[in-house]
Amino acid sequence: MSIALEAPTAVAASGRHDSTPAAVVMEVVRAREASYSRLLMAYVSSGLLFMLLPGTFLGVWNLLQISGRESVASVSPAWLQAHGHAQVFGWIGSFIFGIGFYSIPRLRGATRPAFGAAWACWVMWTLGVTARWAANVYGWQWRLLLPLSGTLELAAFLIFFSAVSQHRPDLAGKNGPEHSGKSQLDPWIWVVISASTGLMLVLIANLAACIYLAWRGAGPALPHGPDQRYLVLVTWGFLVPFVWGFSTKWMPVFLGLKAVRPRLLRAAVVVNFMGIVLALLGWGAGATVLFVAGAALAIAALRMFEASRQEPKTRGIHWSFPFFVRMAYGWLLAAALLGVGAALWDTSGGIWGASRHALTVGFVAIMVMCVGQRILPAFAGMRPLWSPRLMFIGLILLTVGCALRVSCEVIAYQGYADWAWTVLPDSALLELAGVTAFAVNILGTFILQPSHEQKLPLVVGINQIIS
Ligand code: HEM
């Protein structure tokens, strides 16, 4: 990127064929820009596929079975885990890698971005997640496929990690707004680093579990106890801090929020980490209280519910965007509180399940749908979002589906009222419709919307692309 900085932007605007050195440099920069966008679209498209079929469709199928038989124990744990794995790693993991590869090399102004490594990572990750799904759902060659999939996933992560760890982050004080002279990482970077560490630990635990199952297991599913602890690491150790990190980076701009409070954010990450340690040691009840405290601290740090200092940036997307982002943080708190309720009263797995889905659907999926439709069209070659109205429809369907699911899962599974069993299938179909609207909108953007990459100014950073 450094040579590009010397090329005059006036040539970029002319649009005429030109063979001056500046024009040649510009062509190189544009070709590289297109390669970044293609890479991002591959990660996002495979993520959407995992989300739709192996993820949500299987989740809906599981819930229909559970509701029909009025018992969660009647469904194969391998199928439940196949669904969770496809959502967390197939969907969210692919999105994180795609956005990471797209944005980090730019931030460090790489002269030779590692496209080969990024594509190798995509192939290994996609094969790894697919193999895991096949092993869990079909039981085909699972003693071979489980360790293979775990190895491929961890290897893909290490490729990603080595590519992005060469990134020299901005130091607050050097490039930070206050020029204070202090050498500190930007808060969003260390939160994302903590989330990446969480992801690495999850992938190591996953590989260890796969090897153990292949060697000693009677089937391809983890036993209930270890699975519950592993899920705490997945949700609070990986998904939650990632969303906090990206919220720290983008929400002050997108929502016009006041400046983040770094001390409170650090406290949120530390308290959340202590919660994970307690849960892994088997003190689940204490952990749930710490998760409530961590969520409250993060909300206060991000100033999510305080008056904004400027107008939100909703050009090209639906105006309800700030409402849904704030609501997602309401779901985060609800998920944490449900965890406390589960530790006190759960006799059926229903309150734990409701807490987990308040977190994965209400918080994570709503945030991904909000932020994804805000940034991905721009990253994919400066395209406009296909339909802001479809964005709203998807978000409202998912919100209503999630609210019905979370409330009725507690009532039905706990045996408080039988009618709740009849609501659960509808809640699942609403959620399926919501995430399908999101996928259609993103794929419609990639396929049907024209790219305006040619009009990009030559010297451009991520923040300019999405602001
Ligand atoms: C959108 C519609 C979804 C439906 C209908 C659905 C359905 C289900 C069902 C029926 C279960 C079994 C446990 C229980 O009864 O609570 C389950 C578990 C799970 N789901 Fe979902 N889900 C959906 C979305 C998601 C999303 C978006 C994520 C993650 C980003 C996710 C992650 C998980 C995980 C991690 C588990 C636990 C699997 C295990 O037991 O190891 N789900 N889901």
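Residues numbered from 1 in each chain as written. Predicted model: local features only at pLDDT ≥ 70, side-chain atom pairs only at ≥ 80, totals over all residues.

### Observations regarding the overall build of the protein
Rules: The numbering of helices and of strands both runs from the N terminus, where a helix is a DSSP run of H or I of at least 4 residues and a strand a run of E of at least 2. Here, residues touch in the contact sense if the C-beta positions derived from the backbone fall within 7 Å of one another.
Helix and strand counts for the protein come out as 14 helices and two strands. Excluding contacts between residues fewer than 6 apart, the proportion of contacts in the protein whose partners are at least 24 apart in sequence is 79%.

### Section: the packing of helix H4 (residues 115-138) against helix H5 (residues 142-164)
Rule in force here: Fitted lines through C-alpha atoms serve as axes, helices being fitted only where they are in contact, and the angles separating the N-to-C directions of these axes extend from 0 to 180 degrees. Geometric relationships in this document are graded by angle, where less than 35 degrees denotes roughly parallel, more than 145 denotes roughly antiparallel, 65 to 115 denotes roughly perpendicular, and other angles denote oblique. The hand of a helix crossing depends on one turn: near helix anticlockwise from the far one by less than a right angle means left-handed, and clockwise means right-handed. Charged residues are taken to be Asp, Glu, Lys and Arg, nonpolar residues to be Ala, Val, Leu, Ile, Met, Phe, Trp, Tyr, Cys and Pro, and polar residues to be all remaining types, Gly included.
One can describe the packing of H4 onto H5 by two numbers: an axis separation of 8 Å at closest approach and a directional angle of 155 degrees. Comparing their axes, H5 and H4 come out roughly antiparallel. The interaxial crossing formed by H4 with H5 has left-handed handedness. Among the residues forming the contact of H4 with H5, the class breakdown is 21 nonpolar, two polar and two charged.

### Quick word on the site of the ligand
Here is the rule we go by: Only the C-beta atom, placed from the backbone, is used; a residue is near a molecule or strand if that atom lies within 6 Å of it.
Around the ligand, a shell composed of 26 residues is seen, among which Gly59, Gly84, Gln87, Gly353 and Thr360 lie nearest. For the shell around the ligand, the elements supplying multiple residues, two or more each, are helix H2 (21-69), helix H3 (77-107), helix H7 (224-254), helix H11 (350-379) and helix H13 (419-448). Each residue belonging to the shell around the ligand can be placed in one class, and the counts come to 13 nonpolar, ten polar and three charged.

### With respect to H7
To keep it simple, the criterion reads: In this scheme, the bend at a residue equals the angle between the axes fitted to the seven residues that finish there and the seven that begin there. Exposure criterion: with C-beta atoms placed from backbone coordinates, a residue whose C-beta has 20 or more other C-beta atoms within 10 Å is buried, one with 12 or fewer is exposed, and one in between is partly exposed.
The axis of H7 is deflected most strongly, by about 40 degrees, at threonine 248, and proline proline 252 appears within four residues downstream. Within H7, 22 of the 31 residues are buried, which leaves it mostly tucked inside the rest of the structure.

### Re the confidence of the model for the protein
Test applied: Values of pLDDT, the confidence the predictor places in each residue, fall between 0 and 100.
In this model, the protein carries a mean pLDDT of 90, and residues with pLDDT of at least 70 account for 88%. Segment residues 1-15: pLDDT under 50, and 26 contacts once partners within four positions in sequence are set aside and those in other chains are kept.

### Let's talk about helix H9 (residues 284-302)
Three or four residues apart is the spacing at which side chains of an α-helix point the same way, because the helix has 3.6 residues per turn. Definition in use: By definition here, a helix of n residues has an expected span of 1.5 Å times n minus one.
Here H9 contains 19 residues, and its C-alpha end-to-end distance of 27 Å stays within 8% of the 27 Å for a straight helix at 1.5 Å per residue. Those residues of H9 that sit buried are Ala287, Thr288, Leu290, Phe291, Gly294, Ala295, Leu297, Ala298, Ile299, Ala301 and Leu302. Those residues of H9 hidden inside the fold are in contact with H7, helix H8 (262-281) and helix H10 (321-345). Directly after H9, the chain includes arginine 303, whose backbone phi takes a positive value near 55 degrees.

### Section: the nonpolar core
Quick note on the threshold: Buried Ala, Val, Leu, Ile, Met, Phe, Trp, Tyr and Cys residues whose C-beta atoms connect them within 7 Å together make up a nonpolar core.
The biggest cluster of nonpolar side chains holds 140 residues, and the ones touching the most others in it are Phe363, Ile366 and Met367. With 19 residues, H11 is the largest single contributor of residues to this core. Phenylalanine 363 has contacts with Val243, Ala328, Trp331, Leu332 and Ala335, leaving out every residue within four places of it along the chain.

### Digging into the environment of alanine 118
Here alanine 118 is to be found in helix H4. Given 24 C-beta atoms within a 10 Å radius, alanine 118 is considered buried. Sequence-distant contacts of alanine 118, that is, excluding residues within four places in its chain, are made with Leu39, Phe101 and Ala163.

### Topic: the environment of leucine 385
Relative to the elements of secondary structure, leucine 385 occurs in the loop between H11 and helix H12 (388-413). On the neighbour-count criterion, leucine 385 (21 C-beta atoms within 10 Å) is buried. For the pair leucine 385 and leucine 443, spaced 58 residues apart in sequence, the C-alpha separation works out to 9.9 Å.

### A look at the packing of H8 against H9
Interhelical geometry of H8 versus H9 gives an angle of 165 degrees and a closest axis separation of 8 Å. Judged by the angle between their axes, H8 and H9 are roughly antiparallel. In terms of crossing hand, the pair formed by H8 and H9 is left-handed. On the side of H8, the interface is formed by Leu264, Leu265, Ala267, Ala268, Val271, Asn272, Met274, Gly275, Leu278 and Ala279, while H9 contributes Gly284, Gly286, Ala287, Leu290, Phe291, Ala293, Gly294, Leu297, Ala298, Ala300 and Ala301.

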